[in-house]
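What follows is the residue order along each chain.
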Amino acid sequence: MSENQFSAAPTAIRLPGYTKADQQEILGTGDDPFGVDGAGLTWLPKDEHFGIRHGDRLVAHAGLLRLPVAIGNAETAETEVMGVGGVAVAPDLRGQGLARLVITAALDHARTMGPQHALLFCRPPLVPLYQHLGWHPLDTDVLVEQPESRVVTMPLRTMVTPLHDNAHWPSGSVRLFSLPM
Ligand SMILES: CC(C)(COP(=O)(O)OP(=O)(O)OC[C@H]1O[C@@H](n2cnc3c(N)ncnc32)[C@H](O)[C@@H]1OP(=O)(O)O)[C@@H](O)C(=O)NCCC(=O)NCCS
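These figures come from a predicted structure and were not determined experimentally.

What follows covers the pairing of strand β3 (residues 57-71). With 12 of 15 residues buried, β3 lies mostly within the body of the structure. Sheet topology places strand β2 (residues 48-54) next to β3; seven bridges connect them, and they run antiparallel. Looking across to β3, one finds that Arg53 is bridged to Leu58. Between β2 and β3, which pair antiparallel and follow one another directly, the connecting turn spans two residues, one of which, Gly55, has a positive phi of 65°. Looking at chain direction, β3 and strand β4 (residues 79-89) are connected through nine bridges and run antiparallel.

With that out of the way, let us pick up the site of the ligand. Around the ligand lies a shell of 21 residues, among which Val87, Gly95, Gly97, Arg100 and His132 are the nearest. A distance of 3.4 Å separates an oxygen atom of the ligand from a polar atom in the backbone of Gln96. Between the ligand and His132 there is a distance of 2.7 Å, counted from an oxygen atom to a side-chain nitrogen or oxygen. Relative to its unbound accessible surface of 970 Å², the ligand loses 71% to contact with the protein. Secondary structure elements with two or more residues in the shell around the ligand: β4, α2 (98-110), β5 (117-122) and α3 (127-132). Per-element tally for the shell around the ligand: the top contributor is α3, with four residues. Counted by class, the shell around the ligand contains 14 nonpolar, four polar and three charged residues.

For the rest of this paragraph, the subject is the packing of aromatic side chains. Counted according to the given criterion, the structure contains two aromatic pairs. Ring plane angle 70° and centroid distance 6.1 Å describe the contact between Tyr130 and Trp135, whose orientation is recorded as edge-to-face. In this pair, the class of Tyr130 matches that of Trp135, namely buried.

The next thing to look at is α2. The end-to-end C-alpha distance of α2, which contains 13 residues, comes to 18 Å, matching closely the 18 Å that a straight helix rising 1.5 Å per residue would cover. Among the residues making up α2, those that are buried are Leu98, Val102, Ile103, Ala105, Ala106, Leu107, His109 and Ala110.

All right, on to the pattern of salt bridges then. Inspection of the entire model under this criterion finds six salt bridges. A salt bridge links Glu48 to Arg14; its shortest N-O distance comes to 2.3 Å. Placement of the pair is Glu48 in strand β2 and Arg14 in strand β1 (residues 12-15), with a sequence separation of 34 residues. Residue classification places Glu48 among the buried residues on the basis of a relative accessible area of 17%. A salt bridge links Glu145 to Arg175, with the nearest nitrogen and oxygen atoms 2.9 Å apart. Taken as a pair, Glu145 in strand β7 (residues 142-146) and Arg175 in strand β10 (residues 174-176) lie far apart in primary sequence, 30 residues in all. On the basis of relative accessibility, which here comes to 25%, the residue Glu145 falls in the partly exposed class. Note on Arg175: relative accessible area 23%, which makes it partly exposed.

Procedures and definitions
Residues numbered from 1 in each chain as written. Predicted model: local features only at pLDDT ≥ 70, side-chain atom pairs only at ≥ 80, totals over all residues. Heavy atoms only, no water. Buried < 20%, exposed > 50% of the residue type's maximum accessible area, 1.4 Å probe, protein only. Helix = DSSP H or I, 4+ residues; strand = E, 2+ residues; numbered from the N terminus. Pairing = 2+ DSSP bridges. Near = heavy atom within 4 Å. Polar contact = N/O pair within 3.5 Å; in protein donor to acceptor, adjacent residues only side chain to side chain. Areas by Shrake-Rupley, 256 points an atom, 1.4 Å probe, with all protein chains shown as cover. Nonpolar A, V, L, I, M, F, W, Y, C, P; charged D, E, K, R; others polar. Phe/Tyr/Trp six-rings, centres within 6.5 Å; stacked < 30°, edge-to-face > 60°. Expected span 1.5 Å × (residues − 1). Salt bridge = Lys/Arg side-chain N within 4 Å of Asp/Glu carboxyl O.

Below you can see the structure in the form of structure tokens.
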């Protein structure tokens, strides 16, 4: 069997943690593995981690954390979304559904945490992939916090997906009360 094949169907598991070394095990040690350094943003680490192992090697990851957000006009009460980030699959194992598996595991857990939606940021070329997985791009500005009390407009695309039946994303601008994830 090729080392790029799984002997049994791959499964996503909850990881006890996720370090820089874990990320490098998946994506290698090259610069800018997510292709987002050009945006010049500071990002939050994630709180919960989901991964796929292939033998001894970690080959896929998706992270999750709860984020405070306001959606719509200024009177809209602050609410929460489940942020998804750090989605990564080892280059030699892409195109086999591992991102789908690990994102599904993260969203299954997110459904137990209360917020109505999950939200992620991605480069424009990844919008079709996430749409295929049931996410919707927002066509509104999304403000996020940055160090030194700065608030900036997110230059990447923002995508959301409902976590519960009848969840409805309100119209209007979006303001994250945290660094992006
Ligand atoms: C983005 C990334 C995670 C995708 O991983 P992957 O394992 O190749 O993705 P999958 O094989 O699970 O693909 C997910 C689904 O999207 C589909 N898909 C892939 N590219 C697509 C496209 N351009 N348009 C529509 N659907 C697409 C796949 O067919 C698959 O659908 P299926 O499960 O119904 O067959 C991987 O390329 C990666 O790690 N990139 C570098 C890090 C990065 O940029 N992460 C994203 C951060 S937001």
